[in-house]
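# Residue-level structural notes
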Amino acid sequence: MRGIFTLYEMLMLGAGRAALLVGLSLVYTLVCARASAAQEMAHHEHMMHGHEEAAAAGASKETAVRVPDVEVLDETGRRLHFYSDLVRGRTVAINFIFTTCTTICPPMGATFARVQSLAAERAGGDVRLISISVDPVTDTPERMKAWGAKFKARPGWTFVTGSLPQINELLKALGGFSGSREDHSPVVLIGNDATGVWTRANGLASPAKLLAAIEEVGQQTKSPTAEQPMNSSAMKEMHHQ
Ligand SMILES: [Cu+2]
């Protein structure tokens, strides 16, 4: 069903765009393999630290994340501490971008924008989005702000850059680091700091699915039953798209 639809979409989009889509999904496939290796490592580390929930979940989607409180700059040039100012006590969705990217970052930005407007249409829909630059040397706060403006970003979506060592430390901790910026992955890291539940989703998934994944993580309570089976069909579907 989904396959037929995709084929139909490709026909409708025409050959040029179809080629781009094929390219993108190839990139995604490659990157996916890389991401799951990283997850496996994180998972492994988590188990070594003796947290039984990771072992119980058995889901590669659940990730152990320790968010560093490094000093960063937001898109207005304000100094923030990443963990205490942007993550503590909240549910957040984080993507990794650079402003001069012409491949996956523009669609990821557009997806975040749509997630933000979908959330705004709901009562009490407060979704915190964070885009972190993987090229902080080029991406000044001004550039980050201009990039966000292209997608009509609203308050609640923060654009993070800063000094290279601090941003690299942050990217490494969040699993968004790659030696070369061209190599970055379309991954969205979703976390609920209050419960310690973290998961990864496909940044090129549909905005509705991404929002559903964010809400699911946001609604997880601290009870062991709810914490256990990290996600569900919604997440699986994303990965197979
Ligand atoms: Cu990119």
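See the structure above.
Since we're looking at a predicted model, the values are computed, not measured.

### Some thoughts on helix 5 (residues 105-120)
Between its first and last C-alpha atoms helix 5 spans 22 Å; for 16 residues at 1.5 Å apiece the expected length is 22 Å, and the two agree. Of the residues making up helix 5, those classed as buried are Cys105, Met108, Gly109, Thr111, Phe112, Val115 and Gln116. In a view along the axis of helix 5, the buried residues occupy a sector of 160°, so they form one face of it. On its buried side, helix 5 packs onto strand 3 (91-97), strand 4 (128-133), helix 6 (141-150), strand 5 (157-160) and helix 8 (207-219).

### Some points on the sheet that holds strand 3
Neighbouring strands of a sheet are bound in pairs by backbone hydrogen bonds; such pairs are parallel or else antiparallel. If you walk across this open sheet you meet the five strands as 5-4-3-6-7, and the pairing is mixed. With one partner strand each, in any of the chains shown, strand 5 and strand 7 (197-202) form the two edges of the open sheet. For this sheet, the mean inter-axis angle between neighbouring strands, taken without regard to orientation, is 20°. For strand 6 (residues 187-192) and strand 7, the ladder comprises six bridges, and the chain directions are antiparallel. Following the sheet pairing, asparagine 192 is matched in strand 7 by valine 197. Of the strands in this sheet, strand 3, strand 4 and strand 5 are in contact with helix 5, which crosses strand 3 at around 160°. Running over the sheet, helix 6 touches strand 4 and strand 5 and is turned about 145° from strand 5.

### Considering unusual backbone geometry
Positive phi values are uncommon outside glycine, yet lysine 152 reaches one of about 55°. By the element assignment, lysine 152 lies in the loop between helix 6 and strand 5.

### Re the pairing of strand 6
If a strand is regular, its side chains alternate between the two faces of the sheet. Counting buried positions over the six residues of strand 6 gives six, a clear majority of the element. Residues Val187, Leu189 and Gly191 point to one face of strand 6 and Val188, Ile190 and Asn192 to the other, with burial holding for every one of them. Two elements, strand 3 and strand 6, share four bridges in a ladder whose sense is antiparallel. Counted as the bridge partner of isoleucine 94 is leucine 189 from strand 6. Once strand 6 ends, the chain turns through four residues before running back antiparallel as strand 7, passing glycine 196 with a positive phi of about 75°.

Reading the values: rules and limits
- Residues numbered from 1 in each chain as written.
- Predicted model: local features only at pLDDT ≥ 70, side-chain atom pairs only at ≥ 80, totals over all residues.
- Helix = DSSP H or I, 4+ residues; strand = E, 2+ residues; numbered from the N terminus.
- Expected span 1.5 Å × (residues − 1).
- Buried ≥ 20, exposed ≤ 12 C-beta atoms within 10 Å, placed from the backbone.
- Arc of directions from axis to C-beta.
- Contact = placed C-beta atoms within 7 Å.
- Pairing = 2+ DSSP bridges.
- Axes fitted to C-alpha atoms, helices over the stretch in contact; angles between N-to-C directions.

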